[in-house]
Amino acid sequence: MAIKRHYDREFVRTFFTSPTAVEGGDDSAKMIRSAAQLQGMKAPDVWVPDNEDATAPSMRDEGVENLIEVVSEYGADFPGEIHPRIVWHREDSSTRYQGFQHMLEIADPENGAIEHIDGFVIPEVGDIDDWKKADEFFTIIEDEHGLEKGSLSMSVIVESGEAELALGDLREEIGKPSNNLERLFMLVDGEVDYTKDMRAMTPTGSLPPWSELRHNTSRGASAAALIAVDGPYDDIRDIEGYHERMEDNRAKGMIGIWSLTPGQVVEANKAPLPPKTGSWLLETGDDEVELREEDGRQIYDGDEISLEETGDGYVLRVGTDERELDEEELHEELLAMTSYVPSMNDIVDSMEEFEAAKEAGQGAIAMTQSTTLAIGDVEVTIEKDRMWDEATYQAAQTPVTLFQDVYEHRSDQHEELEEMYGSDVVDRATNVGN
Amino acid sequence: MAIKRHYDREFVRTFFTSPTAVEGGDDSAKMIRSAAQLQGMKAPDVWVPDNEDATAPSMRDEGVENLIEVVSEYGADFPGEIHPRIVWHREDSSTRYQGFQHMLEIADPENGAIEHIDGFVIPEVGDIDDWKKADEFFTIIEDEHGLEKGSLSMSVIVESGEAELALGDLREEIGKPSNNLERLFMLVDGEVDYTKDMRAMTPTGSLPPWSELRHNTSRGASAAALIAVDGPYDDIRDIEGYHERMEDNRAKGMIGIWSLTPGQVVEANKAPLPPKTGSWLLETGDDEVELREEDGRQIYDGDEISLEETGDGYVLRVGTDERELDEEELHEELLAMTSYVPSMNDIVDSMEEFEAAKEAGQGAIAMTQSTTLAIGDVEVTIEKDRMWDEATYQAAQTPVTLFQDVYEHRSDQHEELEEMYGSDVVDRATNVGN
Amino acid sequence: MAIKRHYDREFVRTFFTSPTAVEGGDDSAKMIRSAAQLQGMKAPDVWVPDNEDATAPSMRDEGVENLIEVVSEYGADFPGEIHPRIVWHREDSSTRYQGFQHMLEIADPENGAIEHIDGFVIPEVGDIDDWKKADEFFTIIEDEHGLEKGSLSMSVIVESGEAELALGDLREEIGKPSNNLERLFMLVDGEVDYTKDMRAMTPTGSLPPWSELRHNTSRGASAAALIAVDGPYDDIRDIEGYHERMEDNRAKGMIGIWSLTPGQVVEANKAPLPPKTGSWLLETGDDEVELREEDGRQIYDGDEISLEETGDGYVLRVGTDERELDEEELHEELLAMTSYVPSMNDIVDSMEEFEAAKEAGQGAIAMTQSTTLAIGDVEVTIEKDRMWDEATYQAAQTPVTLFQDVYEHRSDQHEELEEMYGSDVVDRATNVGN
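Residues numbered from 1 in each chain as written. Chains lettered and ligands numbered in written order. Predicted model: local features only at pLDDT ≥ 70, side-chain atom pairs only at ≥ 80, totals over all residues. Heavy atoms only, no water.

Caption draft 1: How the structure looks around the overall build of chain A. Tallying secondary structure elements over chain A gives 15 helices and 18 strands in all. Along the three orthogonal principal directions, the C-alpha set of chain A runs to about 85 × 55 × 40 Å. Within the span of chain A, comprising 434 residues, buried residues form 58% of the whole. The long-range fraction of contacts in chain A, counting pairs at least 24 apart against all pairs at least 6 apart in sequence, stands at 72%. When the accessible area of chain A is evaluated, it comes to approximately 17700 Å², of which 43% is carbon and sulfur surface. (Helix = DSSP H or I, 4+ residues; strand = E, 2+ residues; numbered from the N terminus. Buried < 20%, exposed > 50% of the residue type's maximum accessible area, 1.4 Å probe, protein only. Contact = heavy atoms within 4.5 Å. Areas by Shrake-Rupley, 256 points an atom, 1.4 Å probe, with all protein chains shown as cover.)

Listed below in C-alpha cells is the structure:
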C-alpha cells in the first residue's frame with residue numbers, strides 16, 4: 001500500500017511569509033493585517049504569519065497576540081491555508097519550549113484563531129528525533145485543546161545538514177506507532193540559514209545554488225507523499241531570476257516556492273500553470289529563443305542564426321559555424337534545433353487523444369506537432385513526432401493535476417483562470433484524466 | 001572482504017528493450033523475433049524482451065507466449081545476455097502477482113526458454129523491502145523449477161523516490177541471511193516514470209537531467225558491486241545528444257545505457273571504447289573543438305581564436321579577448337587551453353610503460369605528450385606532462401578493463417573490434433594489466 | 001545539545017601532502033625535510049607527511065623512520081598541525097595491520113615525534129564499520145603509549161562509494177559508547193581513487209567534477225561538526241583552475257583543499273580570506289567581469305557591452321542584443337547586471353552596523369552599496385540595497401570566523417595578514433562578532 005497523503009492539497013505553489021510583528025507600537029500588526037486580506041492570484045496557497053525571523057526577538061509575544069487577533073478577524077475569508085511559523089531550534093531547548101507555548105496559545109479555541117489555522121511551520125529542525133519532539137508538542141496541543149488528533153499539520157524548514165539527512169529517513173519513520181508524523185505537510189528549504197550552517201561562502205554573499213539539497217528535499221517529499229517548497233528568493237526585483245529558479249525547481253519536482261512579497265506570490269501562483277498559447281523554441285548555440293508567430297509561421301528575428309538558399313541546397317549559420325546542407329539534412333537539423341512548449345489546450349488535447357486510443361485498445365500513439373519556420377527569407381515546414389504511451393501520458397498529466405488541484409481549492413482564482421485560459425479550456429482541463 | 005560480483009559481466013554497455021507483443025494478430029512477435037537475431041555491434045550486451053511498458057496491458061499473456069517461443073528458438077545463438085522485463089508495481093500487489101506468474105511460466109524448463117535466460121528485470125520497485133518481495137519470488141521459482149539457487153539474476157528499474165533511497169541500503173542488505181539479493185545485477189534508471197513520480201515538469205515535456213539520481217545509482221552500484229545503467233534516450237534521431245548523454249554518464253561511472261533501437265545499440269556499444277586515434281582538443285571560450293591533424297601538426301580551423309606573431313611576441317585572441325604574450329607566456333597559455341584524448345594504443349602504451357617502471361622499483365613516472373599546434377600562420381610546439389602513480393594507472397585502466405570484458409564475452413564482436421583497432425592493438429589491449 | 005567539535009581548529013584551508021620517502025638512498029627524506037620547515041603563508045594548516053601513495057610501497061618502513069626523524073627535529077617549530085598519512089585499505093587486512101604497526105611506531109613517545117603530531121590520516125576507508133576498525137587501533141595506540149584517550153585525531157580519505165555512503169551515518173555513529181569516533185577531524189575527498197572505484201571515465205583522463213560527492217562530504221562534515229577538504233588538483237600549473245575549484249568548493253561549504261606543492265599552499269591559504277579591496281562585477285551575457293576602478297568610478301573596458309545616450313533615452317547592447325531604455329529602466333537593468341564583492345573591511349563594517357542596530361532593538365536594517373558605473377562615455381550611479389537580518393548577519397560572519405580561526409592559530413601568518421589588510425582592519429576583524 002502506498003503512503004497516503006493525509007492532507008487536502010496535492011500541490012502548493014506559494015508559501016508566503018509576512019511578519020506578525022514589526023517594531024513600533026501601532027504599526028505592529030499592519031503587515032500581517034494586509035497579508036490576511038489578499039485574494040485571488042495575490043493570495044498564496046499557504047500563508048505563513050511569521051513569528052520567527054521576520055519578527056524581532058523582543059516582539060514575539062506581541063507577535064502571537066497580533067497573529068491571534070488578525071487570524072480571528074480575517075481567517076474565515078482567507079482563500080488559502082494558514083500555517084503560522086513559530087520559533088524552534090534544534091540546539092536550544094528554551095527556544096523549543098517557547099515555540100510550544102506560542103503554539104499552545106495560538107491553538108486555544110477560546111482565542112478564536114485555531115478554527116482558521118491548518119498547521120504550524122517549525123523552522124531550524126535537526127535530526128528526525130528533533131522533528132519528533134515538535135510532533136509530540138502538536139499531539140499534546142491537540143489533546144489539551146480537544147482538537148482532533150492529527151488535525152494540525154506540521155511543516156518544517158530544512159536549514160541544516162542534519163535536517164537534510166533526515167529527509168532520507170522520513171518514509172520509514174512516518175507511521176511508526178510512537179509518533180504522529182503523518183501530520184507532516186511541507187518540506188521547505190531555508191537556504192540562508194542552511195548556507196550559514198554549512199559554512200558556505202560566495203564572493204558577493206549571494207546564495208549558492210544548493211542543487212543537491214533541493215533534489216533531496218523533492219525526493220524526500222515524493223517518497224513520503226509530502227510537498228517540497230523552495231526557500232526565499234532574496235532579490236525581489238529580479239522577476240526573471242525568480243522565474244528561472246522556479247523553472248529549475250519544477251524540473252526537480254519542487255513545485256512550491258517561498259514568496260516574500262504579494263508581487264512574488266502572483267508570479268509563483270502563475271508560473272507552474274501551462275501557458276495559454278503554445279510556442280516554439282529555437283536553439284541558438286548555447287541559448288534558446290522563443291520564436292514570434294505571424295500568420296501561422298514561426299519567425300526568427302535574431303542574428304545568431306541565418307539561413308540562405310543556394311542553387312543546390314542551403315547554408316545554415318549558427319554563430320560562426322556555417323554548414324552546407326541539402327533539403328533533408330536541413331530538415332533534420334531544424335528538427336533537432338526546435339522544440340515546442342505546449343499550451344494547456346495542447347496538453348488537454350493530447351491527453352484526450354491518448355485516452356481515446358487506449359479505450360480503442362492501443363498502447364502507444366504518435367503525437368505530431370507541425371509548423372513553418374521562417375529564418376531570413378527561407379521558410380521550412382517541420383513535423384515533430386512524439387510517441388505517447390502510458391508513462392508519457394502520466395508524466396504529461398502533472399501540470400493538469402496541478403491545475404485541477406488549484407481549481408478545486410482556490411475558487412477565488414476561478415475568475416483569473418478563466419480570463420487566462422478562456423472558460424472552454426478551463427472546463428476541459430478540470431475534467432480530463434478523471 | 002570486498003563484496004563480490006556474483007555474475008559474469010563486469011560492464012554492460014547496452015540494455016536493449018524490444019516489445020514481446022504488439023497489437024494485432026500475426027505481427028505480434030515480429031519485433032521480438034528480429035531483436036533475437038541481432039549479432040555483433042548491433043547486438044546488445046543485455047537484451048530485454050519487454051512484457052511491461054512496450055507491450056499493451058491486454059497483450060501481456062500473449063507476450064509471455066511470444067517470449068518463450070522466440071527465446072527457445074533463437075536464444076542459443078544470441079550473443080548477449082537475455083533478461084526479460086515482466087510487470088511489477090510497488091503499489092499494486094495484483095501486478096506483482098501477475099509478474100510472478102509470468103516469470104514462473106517463462107522459467108518452466110519444459111518451455112525451453114529458461115536455459116537461455118540469465119535473469120529478469122523488475123520495473124517500478126519501491127523500498128528495499130519491495131525488492132525483497134521480488135527476490136523471494138525468484139527463490140521460489142528456482143525451487144519450483146529445480147534451478148540452481150541464485151542462478152537467476154535480478155535487475156531493477158529505479159523510477160521512484162523510494163527506490164532511489166533504497167540504493168543507499170543495498171550494500172548492507174545484500175548478504176543478509178533471509179534474502180538472496182546477491183542475485184542483483186543491474187540498477188537501471190527509468191527517468192520517464194521517475195519524472196512522473198517526482199511530479200517534475202519542464203516547459204517542453206522533455207526529461208529533466210536528473211544528475212543526482214544518476215550519481216546515486218552509480219554510487220549504489222559501485223558500493224554493492226553491481227552495474228549502473230541509464231534510462232532511455234527518447235529522441236532516437238539525435239545521435240549527438242545520445243553521445244553527450246553517454247559521455248556525461250561515463251563521468252559518473254554509469255557505463256551502460258538503455259537503447260530503444262538497434263541503431264542506438266551500435267552507438268552505445270562503441271561509445272565507451274577508447275578511440276582508434278588520439279586527438280587534441282582546444283578550448284575556445286566556453287567550448288572545446290577537436291583539432292585537425294595534418295602532417296603531424298594539429299590545425300585549428302575556426303575563427304574563435306587567432307594568433308599572430310608581432311616583432312617582440314605574440315597576440316592571442318580568444319573571442320573578443322586579446323592578449324599580448326611573450327613566448328613563454330604563450331606556451332603556458334596554450335598548454336592550459338589544450339588537452340589530449342588518448343587512443344586505445346596510447347593507453348596501452350602508458351600502462352605498459354608504468355608497469356615496467358614499477359617492476360624497476362619506481363612509484364611514479366612522468367608521461368609526456370607533445371605536438372605542434374598550428375593557429376593561423378603560427379606554429380607552436382607544446383609538451384604536456386602527467387605524473388602517473390599507482391592510482392593514475394588504475395584509473396586509466398578502466399577503459400581497458402571494459403574492453404577486456406567485452407572481448408571475453410562478445411566473440412561476435414571480435415571482427416568489428418579488429419577492424420576498428422587493428423589486430424595488434426587488440427592483442428596488446430587484451431593482455432595488458434593482467 | 002549540538003554535536004561538539006573535539007578539536008581546536010574550526011577551519012582547515014590547506015591539507016598539504018609531502019612524501020616521507022622518495023626513491024634512492026641519501027635523498028630519501030629530502031622532501032619531507034623541506035616541507036617540515038615551511039612557515040607563514042607557505043605553511044599549511046595541516047601538513048600530511050605521506051607514507052601512502054606518495055611513498056613507493058617498498059620504501060614505507062624507511063618512510064616511517066624518516067617521518068619520525070624529521071618530525072622530531074622540526075615538529076616543535078612547525079606552525080600548523082601534523083597528521084601523517086599511513087597505509088590502509090578497506091579490502092585488505094594486511095594493509096590495515098601494516099598501517100596499525102606504522103602508527104604504533106610513530107606514536108611511541110620514545111621516538112620523540114608524537115608530541116608534535118595531532119593525528120593520523122586514514123586513506124581508502126570503506127563502510128562506517130571499517131572506520132571503526134581504524135578508530136579501535138587509535139584507541140589501542142593511546143593505551144599502549146599512555147597517551148590521553150581521544151588525543152589523536154583521525155581523518156579519513158573518502159575514495160569509494162561505500163565511504164561516501166558512510167558520510168550519512170557519521171552523526172548517529174559518533175558518540176556511541178563502543179567507539180571513540182569523536183576523534184574524527186577531517187573528511188577529505190580523494191577523487192583519483194574515487195574515480196577508479198566508481199569506474200568513471202572521461203575522454204582525456206581528467207577527473208570528473210564529482211559535485212555530489214563534494215556536497216555529501218560537506219554535509220556530512222556539517223552534520224557531525226567535522227571539516228570537509230577537497231582532493232588534489234592535479235594540474236599544478238593551472239592557478240586559475242585551482243582558484244575556480246576552490247570558489248566552487250566554498251559555495252558548497254567545503255573550505256579546505258589538498259595542496260600538492262608549497263605554491264598551491266599559498267594560493268589555498270589566501271583564497272578563502274575576503275579581499276583587501278571590494279570590487280564590482282558586471283554580467284556580460286554568460287560571463288562576469290570585474291570592473292576597473294578609477295577616480296571612484298567603476299569602468300567597463302570590454303566590448304561585450306556598450307551603452308549610448310540618445311536624445312530621449314539610452315541604447316544598451318549586451319552581445320548582439322540591443323535594447324532602448326529610459327533612465328529608470330536603464331537603472332533597473334544595470335542594478336540587475338552588477339554585483340559587489342565586499343572587502344574584509346566592508347564585511348566588518350556591516351557586521352558592526354548590524355550589531356549596533358540589534359542593540360538598539362532593530363531586527364533588520366538595509367545596507368546600501370553605491371557606485372558610479374562608466375560604460376563607454378555614459379556614467380550611471382546605482383545603489384544596491386540589501387536587507388540584513390540575524391540570518392544574513394550570521395551567514396556573512398563565516399569569512400570573519402574563518403579569519404579569526406586563522407589569526408588565533410597561525411601567529412606565523414600575522415605579519416602577512418597585516419601586510420595584506422593593514423593592522424587596523426586586522427584588529428577590527430579579530431574583535432567583531434565576539
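Having seen the model, we can carry on.
Caption draft 2: Broad picture of the interface of chain B and chain C. Contacts between the two partners involve 40 residues from chain B and, on the opposite side, 32 residues from chain C. Both sides together, the interface formed by chain B and chain C hides about 3100 Å², and carbon and sulfur atoms give 53% of it. In terms of surface lost to chain C, no three residues of chain B exceed Arg171, His215 and Arg219 of chain B, which account for 18% of the buried area on that side. Linking chain B with chain C are six salt bridges, by the criterion used here. (Buried area = accessible area lost by both parts, 1.4 Å probe. Salt bridge = Lys/Arg side-chain N within 4 Å of Asp/Glu carboxyl O.)

Caption draft 3: View of the side chain of serine 18 of chain C. All names here are of chain C. Structurally, serine 18 can be placed in strand β1 (residues 14–19). Of the residues examined, serine 18 reaches a relative accessible area of 3% and is grouped as buried. Side chain to side chain, serine 18 and tryptophan 47 meet in a polar contact 2.8 Å long. When near neighbours in sequence (up to four residues on either side) are disregarded, serine 18 contacts Met31, Ile32, Ala35, Trp47, Val48, Pro49 and Asp50. (Polar contact = N/O pair within 3.5 Å; in protein donor to acceptor, adjacent residues only side chain to side chain.)

Caption draft 4: Summary view of the relation of the copies chain A and chain C. At an RMSD of 0.0 Å, chain A and chain C line up after a rotation of 120° and a shift of 0.0 Å along the axis. Expressed as an axis order, the relation between the two copies is that of a three-fold axis. Relative to the rotation axis, the C-alpha of glutamate 212 of chain A is the closest in chain A, positioned 4.0 Å from it. (Least-squares fit on C-alpha atoms with pLDDT ≥ 70 in both.)

Caption draft 5: Region of the structure containing the side chain of glutamate 81 of chain C. Residue and element names in this part refer to chain C. Looking at the element boundaries, glutamate 81 is found in strand β3 (residues 81–82). For the buried glutamate 81, no salt bridge is present, and the opposite-charge side chain at shortest range is arginine 9, 5.8 Å distant. A distance of 2.7 Å separates polar atoms of two side chains, one belonging to glutamate 81 and the other to histidine 83. (Lys, Arg positive; Asp, Glu negative; His and termini not counted.)

Caption draft 6: Here's a closer look at the sheet that holds β1 of chain C. Residue and element names in this part refer to chain C. The parallel open sheet is built from eight strands, whose spatial order is β3-β2-β1-β8-β7-β6-β5-β4. The open sheet terminates on both sides in strands that have one partner only, identified here as β3 and β4 (119–122). Judged from the four bridges that link them, β4 and strand β5 (residues 153–158) form a sheet pairing that is parallel. When the sheet's bridge partners are listed, valine 121 is paired in β5 with serine 155. (Pairing = 2+ DSSP bridges.)

Caption draft 7: Quick peek at the pattern of salt bridges. Per the stated rule, a full pass over the model turns up 105 salt bridges over all chains. With a closest N to O distance of 2.6 Å, arginine 171 of chain A and aspartate 127 of chain B form a salt bridge. Remark: aspartate 127 of chain B occurs in the loop between β4 (119–122) and α4 (128–144) and arginine 171 of chain A occurs in helix α6 (residues 170–173); the pair is interchain, linking two chains. Since its relative accessible area comes to 19%, arginine 171 of chain A is described here as buried. Residue glutamate 69 of chain C pairs with arginine 33 of chain C through a salt bridge whose shortest N-O separation is 2.6 Å.

Caption draft 8: Representation of the sheet that holds strand β11 (residues 292–294) of chain A in the model. Residue and element names in this part refer to chain A. The sheet built from four strands is open, its strands ordered β11-β12-β17-β18 with mixed pairing. Of all strands in the sheet, those with a lone pairing partner are β11 and β18 (378–388), marking the two edges. Going across the sheet, the axis of each strand differs from the next one's by a mean of 40°, ignoring polarity. Both strand β17 (residues 365–375) and β18 contribute to a ladder of 11 bridges, which runs antiparallel. Within β18, the position partnered with threonine 372 by the bridge is threonine 381. Across the sheet, helix α12 (residues 344–359) is in contact with β17 and β18; its angle to β17 comes to roughly 150°. (Axes fitted to C-alpha atoms, helices over the stretch in contact; angles between N-to-C directions.)

Caption draft 9: Local environment of the relation of the copies chain B and chain C. Each copy of the sequence occupies a distinct position, and chain B is placed on chain C by a rotation of 120° and an axial shift of 0.1 Å, giving an RMSD of 0.1 Å. Interface overlap between copies: only 5% of the residues of chain B at the interface are likewise at the interface in chain C, consistent with a contact formed by different surfaces.

Caption draft 10: Structural view of helix α11 (residues 327–337) of chain C. Residues and elements named next belong to chain C. For α11, the complete set of buried residues consists of Leu330, Leu334, Leu335 and Met337. Burial along α11 is one-sided: seen end-on, the buried residues are contained in an arc of 165°. The N-capping residue of α11, defined by a side-chain oxygen 3.1 Å from the backbone nitrogen of glutamate 328, is aspartate 326. (Arc of directions from axis to C-beta.)

Caption draft 11: Fine view of the pairing of strand β6 (residues 184–189) of chain C. All names here are of chain C. Within β6, six of the six residues are buried, which leaves the element mostly enclosed by the surrounding structure. Sheet topology places β5 next to β6; four bridges connect them, and they run parallel. Across the sheet, residue valine 158 finds its bridge partner in β6, namely aspartate 189. Relative to strand β7 (residues 227–230), β6 is paired through three bridges, and the arrangement is parallel. Bridge assignment links valine 188 to a residue of β7, and that residue is valine 229.

In short, shape yes, function no, at least from these values alone.
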